[in-house]
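# An overview of the molecular structure
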Amino acid sequence: MKSNNSRSRKVPRFAYDGLDRVIHERARLSVLTSLITHAKGQSFGELKQLCGLTDGNLNRHLTVLEEAKLVTTSKGVEHGRPQTVCRITSLGRKRYIEYLAVLEQVVLDASSAIKTEALARGGQNPASA
């Protein structure tokens, strides 16, 4: 007989399970943030420039994001030149928003701890402590 412990176990308060490793990596977070702010997508070149990545580095991160079904890439031709356009998927948008909610909680928790510490020190400015 199975134990009900798995149902009743609470996630540790500061585990932040929603900090998705696929998204949390700096370059991939940059790519997703850039794509979510450009609804029509971006060319590979624009994305590379905005995120400060090399061709190979961006290509590798796009592969990881595509495998996770967070972005799509489509190849075409514009002005007689090959062009790759990158777009965030609806799943990518959903997971990005969920990720941001967890990240916001991290910031709130840290901010609360800093304020509590400052009050305990007699209202001293946390930055000067």
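Note: the structure precedes this text.
Given the structure is predicted, the values throughout are model-derived calculations rather than measurements. (Residues numbered from 1 in each chain as written. Predicted model: local features only at pLDDT ≥ 70, side-chain atom pairs only at ≥ 80, totals over all residues. Heavy atoms only, no water.)

### Observations regarding helix 3 (residues 26-36)
The test is simple: Summary of the burial criterion: residues with accessible area below 20% of their type's maximum are buried, those above 50% are exposed, and those between are partly exposed, where the area comes from a 1.4 Å probe applied to protein chains only. Under the scheme used here, helices are H or I runs from DSSP no shorter than 4 residues and strands are E runs no shorter than 2 residues, and both carry numbers assigned from the N terminus. By the criterion applied in these results, polar contacts are pairs of N or O atoms within 3.5 Å in which, for protein atoms, one can donate a hydrogen and the other can accept it, and in which residues neighboring in sequence qualify only through two side-chain atoms.
Buried within helix 3 we find A27, R28, V31, L32, S34, L35 and I36. N-cap assignment for helix 3: the residue whose side-chain oxygen lies 2.8 Å from the backbone N of A27 is E25.

### A closer look at the packing of helix 3 against helix 4 (residues 44-51)
Stated precisely, the cut-off is as follows: Simply put, an axis is a line fit to the C-alpha atoms, just over the touching stretch for a helix, and the angle between two N-to-C directions goes from 0 to 180 degrees. Each angle gets one of four labels, with under 35 degrees taken as roughly parallel, over 145 as roughly antiparallel, 65 to 115 as roughly perpendicular, and the rest as oblique. Note on convention: near helix rotated counterclockwise from far helix by under a right angle means a left-handed crossing. Clockwise means right-handed. Residue contacts are defined here by distance: any two heavy atoms, one from each residue, within 4.5 Å place the two residues in contact. Residues are sorted three ways: Asp, Glu, Lys and Arg are charged, Ala, Val, Leu, Ile, Met, Phe, Trp, Tyr, Cys and Pro are nonpolar, and all the rest, Gly among them, are polar.
Between helix 3 and helix 4, whose axes approach to 10 Å, the crossing angle comes to 120°. When the axes of helix 3 and helix 4 are compared, the pair comes out oblique. Of the two elements, helix 3 crosses helix 4, and the hand of that crossing is right-handed. For the pair helix 3 and helix 4, contact is made by S30, V31, S34 and L35 and by L47, L50 and C51, respectively. Looking at the contact of helix 3 with helix 4, its residues break down into five nonpolar, two polar and no charged.

### Focus: the nonpolar core
Rules: For this analysis, a nonpolar core means a set of buried residues of the types Ala, Val, Leu, Ile, Met, Phe, Trp, Tyr and Cys, connected via side-chain atoms within 4.5 Å.
Judged by nonpolar contacts, the single largest core of 20 residues is most densely connected at V31, L32, L35, L47, L58 and L62. Elements represented by at least two residues in this core include exactly helix 3, helix 4, helix 5 (55-67), strand 3 (81-88) and helix 6 (90-120). A total of five residues in this core trace back to one element, the largest contributor, which is helix 3. Apart from residues lying up to four places away in sequence, L35 is in contact with Q42, L47, V71, C86, R87 and I88.

### As for the pattern of salt bridges
When the charged atoms of two side chains lie near each other, side chains of opposite charge can form a pair. Note the cut-off: Salt bridge, as used here: a side-chain nitrogen of Lys or Arg that lies within 4 Å of a carboxyl oxygen of Asp or Glu.
Under the defined criterion, the tally for this structure stands at four salt bridges. The residue R95 makes a salt bridge to D20 at a minimum N-O spacing of 2.3 Å. Separated by 75 residues along the polypeptide, R95 in helix 6 and D20 in the loop between helix 1 (5-8) and helix 2 (21-24) bring together distant segments of the chain. Here D55 ties to K48 by a salt bridge, and the two come within 2.9 Å at their closest N and O atoms. Judged by its relative accessible area of 44%, D55 is partly exposed.

### Regarding the pairing of strand 2 (residues 71-78)
To be explicit about the condition: In this description, strands pair whenever DSSP reports at least two bridges between them.
Bridge count for strand 2 against strand 3 is eight bridges, and the pairing is antiparallel. Bridging from a neighbouring strand, G76 pairs with Q83 of strand 3. Counting the residues in the hairpin turn of strand 2 and strand 3 gives two residues, including H79, whose phi is positive at 55°.

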